[in-house]
Amino acid sequence: MLRKRLFALLCAITFIFLSVLCRVFFVQIIDGKALQTKAVDQWTRDIPVKASRGKITDRNGIVLAENKQSYAVFVRTRVVKDAEKTAKILSEKLGVDYDKLLKKMKSDSVSEITVKRQVKRETTDELSKYSLQGVYFCRDSERNYPYGDSLAQIVGYASVDGSGQSGIEKRYDEYLSGYDGEILYESDLVGKDVVGSSARYIPATDGLNLKLTIDYEIQRICDAVIKKAVEEYSPKSASVIVTSPKTGEILAVSQCPSFDLNNVPRDDMAFLNEASRCNLIVDSYEPGSTFKIITSAANIEENLKGNPNAFSANYVFNSNRYRFVDGRKIKCWSTHANGKHANERLGEALNNSCNPCFVDIALALGKDVMYSYLEAFGFGKTTGVDYGGEAIGMLVPKSAVTNGDLARIGFGQTIAVTPIQLISAVSAAVNGGVYYEPYFVSEIYDESGKICEIINPKAMRRVISEKASKTLAAYLQDVVTKGSGKQAFIEGYNVGGKTGTAQKYENGRIAQGKYIMSFIGFFPAEAPEYIALCVVDEPVGGKYGSTVAAPLVKDIFEGIIQCKNIKSRA
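Thresholds applied
Residues numbered from 1 in each chain as written. Predicted model: local features only at pLDDT ≥ 70, side-chain atom pairs only at ≥ 80, totals over all residues. Heavy atoms only, no water. Helix = DSSP H or I, 4+ residues; strand = E, 2+ residues; numbered from the N terminus. Buried < 20%, exposed > 50% of the residue type's maximum accessible area, 1.4 Å probe, protein only. Contact = heavy atoms within 4.5 Å. Areas by Shrake-Rupley, 256 points an atom, 1.4 Å probe, with all protein chains shown as cover. Lys, Arg positive; Asp, Glu negative; His and termini not counted. Charge placed at Lys NZ, Arg CZ, Asp CG, Glu CD. Pairing = 2+ DSSP bridges. Axes fitted to C-alpha atoms, helices over the stretch in contact; angles between N-to-C directions. Parallel < 35°, antiparallel > 145°, perpendicular 65-115°, else oblique. Left-handed = near helix turned anticlockwise from the far one by under 90°. Nonpolar A, V, L, I, M, F, W, Y, C, P; charged D, E, K, R; others polar. 1 Å grid on protein atoms, 1.4 Å probe; cavity = no way out; pocket = protein on both sides within 12 Å on 5 of 7 lines; lining within 4 Å. Points joined across faces, edges and corners; volume = space filled by probe spheres on them. Disulfide = S-S within 2.5 Å. Expected span 1.5 Å × (residues − 1). Core = buried A, V, L, I, M, F, W, Y, C linked by side-chain atoms within 4.5 Å. Arc of directions from axis to C-beta. Polar contact = N/O pair within 3.5 Å; in protein donor to acceptor, adjacent residues only side chain to side chain.

(A) Local environment of the overall build of the protein. Helices and strands together make up the secondary structure of the protein, namely 18 helices and 21 strands. Judged by the C-alpha coordinates and their principal axes, the protein covers about 110 × 80 × 50 Å. Counting only residues that meet the buried cut, the protein has 51% of its 570 residues in that class. The long-range fraction of contacts in the protein, counting pairs at least 24 apart against all pairs at least 6 apart in sequence, stands at 72%. Accessible area of the protein: about 27500 Å², with a carbon and sulfur share of 51%. If the 71 positive side-chain charges of the protein are averaged to one point and the 66 negative ones to another, these points end up 4 Å apart.

Listed below in structure tokens is the structure:
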């Protein structure tokens, strides 16, 4: 009987010991860090040390977003000796409400108050003269954009607390924001400093810097051209994007309306939400005749492959103004009077922008072939550009497309694209046939200049052969030399391009008198270095993309030629 009792007692002692051991294990190992953090929070009070947000520069180091040095003012309420005096001085010097501040300072629910952020050094120097107990300053920063409204939609803006709200500022916020540090003060249970204790300083880790593919020299030219377009045509909006066809690097983006990044209109959120959208990336539209480049590319490539349904360079299209598809009439923009658009081959069809010829091409190739090229050129999906909210456009599913749909897709109707999709696709069509993913950020580096990441051009796929690409580029050069794109012609330079005048729709119906006018151009045509797409929405007094958008692209190219000192071919 005694042995059983001893055994039971031993078991009980063992169980208690193991229980204590397990508890110690959980407290020290499993929950150790969390409990240690709670303990530190109980016997310390902290003043934050704000990390400096990273800079954003163009490809040549020109600063597009930086920080202006400022300070944040804090009050540790339990250290304050004279709340009324302290609140009065702070309210006068910082322009804050005295009653609200005093109420917070006398409240037992908070031990620390952020009185104001982004305070100038002169103000904190003046406050320091009063030697106010419980008032502390820490480094803060205020975002500054040296070029105001330039690249407003791309660079984006940050909130007062330093977090990215739109554009690159938001997309790359984790790199730009860094990590805050803090100054820890030992305190008693009620939050008062422990006499004789010393502060512990944990430094902030500043954010990383971004180098963009943007070239501010070209950006400045684009900004001036878009402002000119707005003054001349008073459009609903006007925008332009310039990229490198060989790499996918985005060199410039300009749009109007815009806003000043140093004076973000937060009191008008409807306007801010609209103005901060980059419509070249997040909005789609019917491209109209600029899309004939893609249809031509498909036809040329299929002809080279020996597809009997593709038209050869010497094929003469029917000169009738109309085509009847599924019982519906599709007509050319021209009346074809006096022999106009007669004896057209593919080159002339592009020059004249003759819709029926591209109806013929799309229907002859068929939906399987046409859709294989639409997919290869990136329509109906995002490009992958490093910018938030990219739209995918609108492409009728192949399973649902009718002959009438396919016929209209051939000349840029019944399909909606984003400008970034179109310029990326046309770049692939004329650069030798390779599709590159467009991008904004080329390099991420720290303040010492150490490079953390390099983003290189990304060739995604070959879409057409080099021979087909060169043939197409030559046709498009003719469009500028002697076709509908004449107003983009620059003496001594080989410019290629295509105009577009697209109807707009409202409530599913054509909006009479409302058009989106565009032009996409590239140069040198034989080996493109630059490609630009200009889109003008509802220009007042403008009639065609050839008369509105083509001259704007010409101005941009002439500006690039001058600033880059590009010699003529002569």
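(B) Molecular detail of the sheet that holds strand β9 (residues 237-243). In space, the five strands of this open sheet follow the order β10-β9-β21-β20-β19, with antiparallel pairing throughout. Two strands in the sheet have a free side with no partner beyond their single neighbour: β10 (250-256) and β19 (496-506). Averaged over all adjacent pairs, the angle separating strand axes in this sheet is 10°, with direction ignored. In terms of strand pairing, β9 meets β10 through six bridges, oriented antiparallel. The residue of β10 that forms the bridge with Val240 is Ser254. Sitting on the sheet, helix α9 (residues 216-233) touches β9, β10 and β21 (530-537), and the angle it makes with β10 is about 25°.

(C) Expanded view of the packing of helix α12 (residues 292-305) against helix α14 (residues 355-376). Here α12 crosses α14 at 70°, and the two axes come no closer than 9 Å. The orientation of α12 with respect to α14, classified from their angle, is roughly perpendicular. Viewed along their axes, α12 and α14 form a crossing whose handedness is left-handed. In this structure, α12 contributes Lys292, Thr295, Ser296, Ala298, Asn299, Glu301, Glu302 and Lys305 to the contact, and α14 contributes Asn355, Phe358, Ile361, Leu365, Val369, Met370 and Tyr373. Residue composition of the contact of α12 with α14, grouped by class: seven nonpolar, four polar and four charged.

(D) Looking closely at empty space enclosed by the protein. Here the structure, examined in full by the defined rule, presents two cavities of 30 Å³ or more. In this model, the largest cavity occupies a volume close to 80 Å³. Considering the residues around the largest cavity, the lining is formed by Thr243, Ser244, Pro245, Gly248, Ile423, Ser424, Ser427, Tyr436 and Pro438. The leading source of residues in the lining of the largest cavity is helix α16 (residues 419-430), at three residues. Residues that form the lining of the largest cavity fall into these classes: four nonpolar, five polar and no charged. When its volume is computed, the second largest cavity comes out at roughly 50 Å³. Taken together, Leu64, Tyr145, Tyr147, Gly148, Ser150, Leu151, Val155, Tyr216 and Leu261 form the lining of the second largest cavity. Looking at side-chain class alone, the lining of the second largest cavity contains seven nonpolar, two polar and no charged residues.

(E) Representation of the side chain of Ser518 in the model. By the element assignment, Ser518 lies in strand β20 (residues 509-523). With residues near it in sequence (within four places) discarded, Ser518 still touches Pro287, Thr290, Lys498, Thr499, Gly500, Leu533, Cys534, Val535, Gly545 and Ala549.

(F) Expanded view of the state of the cysteines. Tallied over the entire structure, the rule returns zero disulfides. No disulfide involves Cys278; its sulfur sits 12 Å from that of Cys222, the nearest cysteine. Here Cys357 is not cross-linked by a disulfide; its sulfur's nearest cysteine counterpart is in Cys354, at 3.9 Å.

(G) Spotlight on the environment of Ala252. Along the chain, the position of Ala252 falls in strand β10. In this structure the C-alpha to C-alpha distance between Ala252 and Ser289, which are 37 residues apart in sequence, comes to 24 Å. Discounting residues that sit within four places of it in the chain, Ala252 has contacts with Ile214, Ile218, Gln219, Cys222, Val240, Ile241 and Val242.

(H) A look at the pairing of strand β3 (residues 63-76). Sheet analysis places strand β2 (residues 56-57) next to β3, joined by two bridges and oriented antiparallel. Within β3, the residue paired with Thr57 across the bridge is Val63. Joining the antiparallel neighbours β2 and β3 is a turn of five residues, in which Gly61 adopts a positive phi near 90°. Bridging between β3 and strand β5 (residues 135-144) involves ten bridges; their strand directions are antiparallel. The residue of β5 that forms the bridge with Val75 is Val135. Both β3 and strand β4 (residues 112-119) contribute to a ladder of five bridges, which runs antiparallel. Bridging across to β4, Arg76 finds its partner in Glu112.

(I) Just α9, in detail. Here α9 spans 25 Å end to end across 18 residues, near enough to the 26 Å set by a 1.5 Å rise per residue. The inward-facing, buried residues of α9 abut β3, β9, β10, β21 and α18 (545-563). Ser234 occupies a position one or two residues after α9 and carries a positive phi of about 45°.

(J) Summary view of the nonpolar core. If you look at the biggest cluster of nonpolar residues, it comprises 97 residues, and the most contacted ones within it are Ile168, Phe291, Phe377, Phe379 and Phe440. For this core, the element with the most residues is α14, which contributes twelve residues. With 33 residues, the next largest nonpolar core counts Ile218, Ile221, Val480 and Ile560 among its residues.

(K) Highlighting helix α4 (residues 98-106). Along α4, the positions that sit buried rather than exposed are Leu101, Leu102 and Met105. Here the buried residues of α4 occupy an arc of 100° about the axis, which is enough to place them on one side. Pointing more than 90 degrees away from the buried face of α4 are the exposed residues Asp99, Lys100 and Lys103. In this fold, the buried residues of α4 make contact with β3, α3 (83-94) and β4. Between a side-chain oxygen at the N-terminus of α4 and the backbone nitrogen of Asp99 the separation is 3.1 Å; the capping residue is Asp97.

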